[in-house]
Amino acid sequence: MPLLLGVNIDHVATLRQARYARTPDSPNAEPSPLDAGRDALAGGADSLTLHVRGDRRHMQDADAFLIRREIPLPLNLELGVTDEMIALALKLRPEYACFVPESREEITTEGGLDVRGGFDRVRMAVARLQDAGIKVSLFIDPDVAQVEAAAETCAEMIELHTGCFANAAGADSETELRRLIDAASNGHAAAMRVNAGHGLNYQNLTRLWPVPHLAELNIGHSIVSRAMRVGMTAAVREMKNLMTTYPG
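To start, this report covers the structure provided alongside it. (Residues numbered from 1 in each chain as written. Predicted model: local features only at pLDDT ≥ 70, side-chain atom pairs only at ≥ 80, totals over all residues. Heavy atoms only, no water.)

## So, the sheet that holds strand 5 (residues 135-140)
- With parallel pairing, the eight strands of this closed barrel are ordered in space as 1-2-3-4-5-6-7-8. Across this sheet, the average inter-strand angle for adjacent strands is 25 degrees, counted without regard to direction.
- The pairing of strand 7 (residues 193-197) with strand 8 (residues 214-219) spans four bridges and is classified as parallel. Looking at the pairing, Gly 197 lines up with Asn 218 of strand 8.
- In the packing of helix 6 (residues 144-152) onto the sheet, the strands contacted are strand 5 and strand 6 (157-161), and the crossing angle to strand 5 comes to about 160 degrees.
- Across the face of the sheet, helix 10 (residues 232-243) comes into contact with strand 1 (4-8) and strand 8 while running at roughly 150 degrees to strand 1. (Pairing = 2+ DSSP bridges. Helix = DSSP H or I, 4+ residues; strand = E, 2+ residues; numbered from the N terminus. Axes fitted to C-alpha atoms, helices over the stretch in contact; angles between N-to-C directions. Contact = heavy atoms within 4.5 Å.)

Structure, rendered in structure tokens:
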């Protein structure tokens, strides 16, 4: 199976909110996450990812429902493990939901969800979405104990946090790569789909190729940044072309 690309368009909404935080539904509010999603589709995106945060700092509820209605791609909703966000997911009914940790102080999601430490809460959240027919992923650090805990929740997927790998250099890079290899191998052995994301870009992507069993990469900031030079459709197409070299 070819490696799939989920394009995260949160940063398009971040730029819009810089000017239109109080009027995101205005017809003049730009750039448009909906247009970005359409352009990503034209570039070959396999799914769209968006994160409605508790503080609504970028994506708004209305964005999620509009994109869900207008763009014929599977939608992956990132969300915190809260009753409010679970209720939103149950109304939105995306194909996929990925539980992530949330902190109001962070600029973007940093680090994986502590599934082991919050097991009962996470397991209940997974079950609620699965009962509605939504497939669930858990965004976790490449730690075997967290992979095992994720499997025990009965989530269908894990998304391995690649931020430390992306930021590492020298010997640390090899250490982080080994962590990802071990985590992916254990996730696959537990019959979970293995995705990955965070910090991946056009320069470091192929360094990830020794990691086995990857099904999908979720990439946002790098693609949106590249889109400022070449447009979203071309930026997505370039990333997809790079991904064809993944050996599987």
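## Overview of the layout of surface pockets
- The calculated volume of the second largest pocket comes to roughly 200 Å³.
- For the second largest pocket, the full set of lining residues is Val 12, Leu 15, Pro 31, Ser 32, Asp 35, Ala 36, Asp 39, Val 224, Ala 227, Met 228, Gly 231 and Met 232.
- Of all the secondary-structure elements, those providing two or more residues to the lining of the second largest pocket are helix 1 (10-20), helix 2 (33-43) and helix 9 (221-230).
- By residue class, the composition of the lining of the second largest pocket is eight nonpolar, two polar and two charged. (1 Å grid on protein atoms, 1.4 Å probe; cavity = no way out; pocket = protein on both sides within 12 Å on 5 of 7 lines; lining within 4 Å. Points joined across faces, edges and corners; volume = space filled by probe spheres on them. Nonpolar A, V, L, I, M, F, W, Y, C, P; charged D, E, K, R; others polar.)

## Some points on the nonpolar core
- Membership of the largest hydrophobic core comes to 73 residues, with the highest contact counts inside it found for Phe 99, Leu 138, Leu 217 and Ile 223.
- Those residues in contact with Phe 99 that sit more than four places away from it in its chain are Leu 79, Gly 80, Val 81, Ile 86, Leu 113, Ala 125, Val 126, Leu 129, Val 136, Ser 137, Leu 138 and Phe 139. (Core = buried A, V, L, I, M, F, W, Y, C linked by side-chain atoms within 4.5 Å. Buried < 20%, exposed > 50% of the residue type's maximum accessible area, 1.4 Å probe, protein only.)

## Structural notes on the side chain of Glu 78
- With respect to the helices and strands, Glu 78 occurs in strand 3 (residues 75-79).
- No salt bridge forms around the buried Glu 78; measuring N to O, its nearest opposite-charge neighbour Arg 53 is 7.2 Å away.
- Contact partners of Glu 78, with chain neighbours within four places excluded, come to Asn 8, Asp 10, Thr 49, Leu 50, His 51, Val 52, Cys 98, Val 100 and Glu 159. (Lys, Arg positive; Asp, Glu negative; His and termini not counted. Salt bridge = Lys/Arg side-chain N within 4 Å of Asp/Glu carboxyl O.)

## Notes on helix 9
- Of the residues making up helix 9, those classed as buried are Ser 222, Ile 223, Val 224 and Ala 227.
- Lining the buried residues of helix 9 we find strand 1, helix 1, strand 8 and helix 10.
- Of the residues one or two after helix 9, Gly 231 is the one with positive phi, at around 95 degrees.

## A look at the pattern of salt bridges
- Scanning all chains against the criterion turns up 15 salt bridges.
- In this structure, the salt-bridge partner of Arg 56 is Glu 84, at a minimum N-O distance of 3.1 Å. Of the two residues, Arg 56 is situated in the loop between strand 2 (47-51) and helix 3 (61-70) and Glu 84 in helix 4 (residues 83-92); the sequence distance between them amounts to 28 residues.
- Using a relative accessible area of 44% as the deciding quantity, one classes Glu 84 as partly exposed.

## Re unusual backbone geometry
- Of note, the amide linkage connecting Glu 30 to Pro 31 takes the cis form, showing an omega dihedral of 0 degrees.
- Mapped onto the fold, Pro 31 is located in the loop between helix 1 and helix 2.
- At Arg 93, a residue that is not glycine, the phi angle is positive and equals roughly 55 degrees.
- Following the sequence through the fold, Arg 93 ends up in the loop between helix 4 and strand 4 (96-99).
- A relative accessible area of 43% means that Arg 93 is categorised as partly exposed.

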